[in-house]
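# Understanding the architecture of this molecule
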Amino acid sequence: MDRTAGRFARFDVNLSILFTELPLLRRPAAAAAAGFGAVELWWPWPRDPTPGRAELDALRGALESAGTQLVGLNFYAGELPGPDRGALSVPGEESERFRANVEVAADFAASVGCTALNALYGNRIEGAAPGVQDALALENLTLAARAADRVGATLLIEALGAAESPHYPLVSAPAAVEVVERVNKATGLDNAAFLMDLYHLARNGEDLPRVIETYADRTGHVQIADVPGRGAPGTGALDIPGLLDRLRTAGYDGWVGLEYKPGGPSADSFDWLTRDPADRR
């Protein structure tokens, strides 16, 4: 397969899965040294939805010192990586943690110019009816959408892979987009959008060209990794260059997040990319 990725894509590096051999505050500079000016992050403090000012300032300083733009940030999602897949639909303490995080995450995003905030839905849990969890999710997503709107950001909603996330209810593009539409209807803000993770959707057996054709206009962010191992493009079966070309043709011109396992030192995992500097801006 062609190991280049086309000339249209704007790639950013997910610093929660790449460069994790380094402490958090050294990762932005490592991404910059590898040629990337944009990065994204899962919520960096998985046990703390409301970190202190010193921690937030330190991360902001690391991003600014490296000259990297934060283009995507998750709201608090529990232990990720780990057993959790979000908190917003989980009744009790986790939902309260999510609510406490909403304004903190939105304010931090605003302070670094980040305009995409991802809200992972959360697992189904024993003892809670799905309808109860879904009602709580809509309530919390409404809060998140309003906070995102306040800072000029898009609220992203993501489908995950059923094999890796067996208790997560949004395991198809239609399921995630249905939630997007419910949130937009509830708020009237129209600032919720689909996070199209090609790896997760492929693992679920979805027809990716059809997903792109159907949902590109409702997509606010894209993430990629190869299948089945979640490695870099070219290590598996996906025609990622072809899929990115389809996205371009369908009108998507946003960021493409590199959310793959590097299989070695992260700095050595980018040789699949074209060397055209425009592809790493």
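First, a word on scope: everything that follows refers to the structure included in this document. (Residues numbered from 1 in each chain as written. Predicted model: local features only at pLDDT ≥ 70, side-chain atom pairs only at ≥ 80, totals over all residues. Heavy atoms only, no water.)

### Comments concerning the packing of aromatic side chains
- The tally for this structure, following the rule as stated, stands at eight aromatic pairs.
- One aromatic cluster is present, formed by Phe11, Phe19, Phe36, Tyr260, Phe270 and Trp272 through successive ring pairs. (Phe/Tyr/Trp six-rings, centres within 6.5 Å; stacked < 30°, edge-to-face > 60°.)

### Here we look at helix 7 (residues 208–215)
- Listed in full, the buried residues belonging to helix 7 are Leu208, Val211, Ile212 and Tyr215. For helix 7, the angular spread of the buried residues around the axis is 100 degrees, confining them to a single face. Looking at helix 7, the residues exposed on the side facing more than 90 degrees away from the buried face are Arg210 and Glu213. (Buried < 20%, exposed > 50% of the residue type's maximum accessible area, 1.4 Å probe, protein only. Helix = DSSP H or I, 4+ residues; strand = E, 2+ residues; numbered from the N terminus. Arc of directions from axis to C-beta.)

### Details of helix 3 (residues 93–112)
- With 20 residues, helix 3 extends 29 Å from end C-alpha to end C-alpha; this agrees with the ideal 28 Å at 1.5 Å per step.
- When the local axis directions of helix 3 are compared, the greatest deviation, roughly 35 degrees, occurs at Asn101.
- One or two steps after helix 3, the chain reaches Gly113, where phi turns positive at roughly 75 degrees. (Expected span 1.5 Å × (residues − 1). Bend = angle between axes of the 7 residues up to and from the residue.)

### Section: the nonpolar core
- Membership of the largest hydrophobic core comes to 89 residues, with the highest contact counts inside it found for Phe19, Phe194, Met196, Ile224, Leu258 and Phe270.
- Among residues more than four places away in sequence, those in contact with Met196 are Leu201, Val211, Ile212, Tyr215, Ala216, Thr219, His221, Val222, Gln223 and Leu247. (Core = buried A, V, L, I, M, F, W, Y, C linked by side-chain atoms within 4.5 Å. Contact = heavy atoms within 4.5 Å.)

### Things to note about the packing of helix 2 (residues 53–66) against helix 3
- At their nearest, the axes of helix 2 and helix 3 sit 11 Å apart, and the two run at 30 degrees to each other. Here helix 3 runs roughly parallel to helix 2, going by the angle between their axes. Crossing geometry of helix 2 relative to helix 3 is assigned as right-handed. On helix 3, the residues touching Leu56, Leu59, Arg60 and Leu63 of helix 2 are Val104, Phe108, Ser111 and Val112.
- Classifying every residue of the contact of helix 2 with helix 3 gives six nonpolar, one polar and one charged. (Axes fitted to C-alpha atoms, helices over the stretch in contact; angles between N-to-C directions. Parallel < 35°, antiparallel > 145°, perpendicular 65-115°, else oblique. Left-handed = near helix turned anticlockwise from the far one by under 90°. Nonpolar A, V, L, I, M, F, W, Y, C, P; charged D, E, K, R; others polar.)

### Considering the pairing of strand 8 (residues 255–258)
- Because side chains alternate across strand 8, one face comprises the buried residues Trp255 and Gly257, and the other comprises Val256 and Leu258, equally buried.
- Note that strand 7 (residues 219–224) and strand 8 share three bridges and pair parallel. In the strand pairing of strand 8, Val222 is matched with Val256.
- Traced from strand 7 through helix 8 (residues 240–249) to strand 8, the parallel crossover comes out right-handed. (Pairing = 2+ DSSP bridges. Right-handed = clockwise from strand over helix to strand, strands pointing away.)

### Observations concerning the pairing of strand 5 (residues 154–158)
- In terms of burial, strand 5 is a largely internal element, four of the five residues being buried.
- Sheet topology places strand 4 (residues 116–118) next to strand 5; three bridges connect them, and they run parallel. Opposite Asn118, over in strand 5, you have Leu156 as the bridge partner.
- Crossover connection from strand 4 via helix 4 (residues 130–150) to parallel strand 5: handedness right-handed.
- Traced from strand 5 through helix 5 (residues 173–187) to strand 6 (residues 192–197), the parallel crossover comes out right-handed.

### Regarding the environment of Thr68
- Summarising the element assignment, Thr68 is placed in the loop between helix 2 and strand 3 (69–74).
- Measuring from C-alpha to C-alpha, the distance between Thr68 and Ala32 comes to 6.6 Å, with 36 residues separating the pair along the chain.
- Here Thr68 is in contact with Pro28, Ala32, Phe36, Gly37, Val39 and Leu63, once residues within four sequence places are set aside.

### Thoughts on the sheet that holds strand 5
- Ordered in space as 1-2-3-4-5-6-7-8, the eight strands form a closed barrel in which the pairing is parallel. Here the average twist between neighbouring strands, direction ignored, is 30 degrees.
- Both strand 1 (residues 10–14) and strand 8 contribute to a ladder of four bridges, which runs parallel. In the sheet register, Arg10 faces strand 8, and the bridge partner there is Trp255.
- Against the sheet, helix 7 makes contact with strand 6 and strand 7, and its axis sits at roughly 165 degrees relative to strand 6, the strand it touches most.

### Notes on the pattern of salt bridges
- Inspection of every chain in the model, using the stated rule, returns 13 salt bridges.
- Residue Arg150 is joined to Asp107 by a salt bridge in which the shortest nitrogen-to-oxygen separation is 2.7 Å. Of this pair, Arg150 sits in helix 4 while Asp107 sits in helix 3; the two residues are 43 residues apart in sequence, bridging distant segments of the chain.
- You can call Arg150 partly exposed: its relative accessible area is 45%.
- The partner of Arg124 in a salt bridge is Asp134, with the nearest N and O atoms 2.9 Å apart. Of this pair, Arg124 sits in the loop between strand 4 and helix 4 while Asp134 sits in helix 4, and the two are 10 residues apart along the sequence.
- Salt bridges here are not isolated pairs; linked through shared partners, they connect Glu93, Glu94 and Arg97. (Salt bridge = Lys/Arg side-chain N within 4 Å of Asp/Glu carboxyl O.)

### Let's talk about the packing of helix 7 against helix 8
- Where helix 7 meets helix 8, the closest approach of the two axes is 9 Å, and the angle between their N-to-C directions is 20 degrees. The angle between helix 7 and helix 8 falls in the class roughly parallel. As helix 7 packs across helix 8, the resulting crossing turns out to be right-handed. Residues Leu208, Pro209 and Ile212 of helix 7 pack against Leu243, Arg246 and Leu247 of helix 8.
- Classifying every residue of the contact of helix 7 with helix 8 gives five nonpolar, no polar and one charged.

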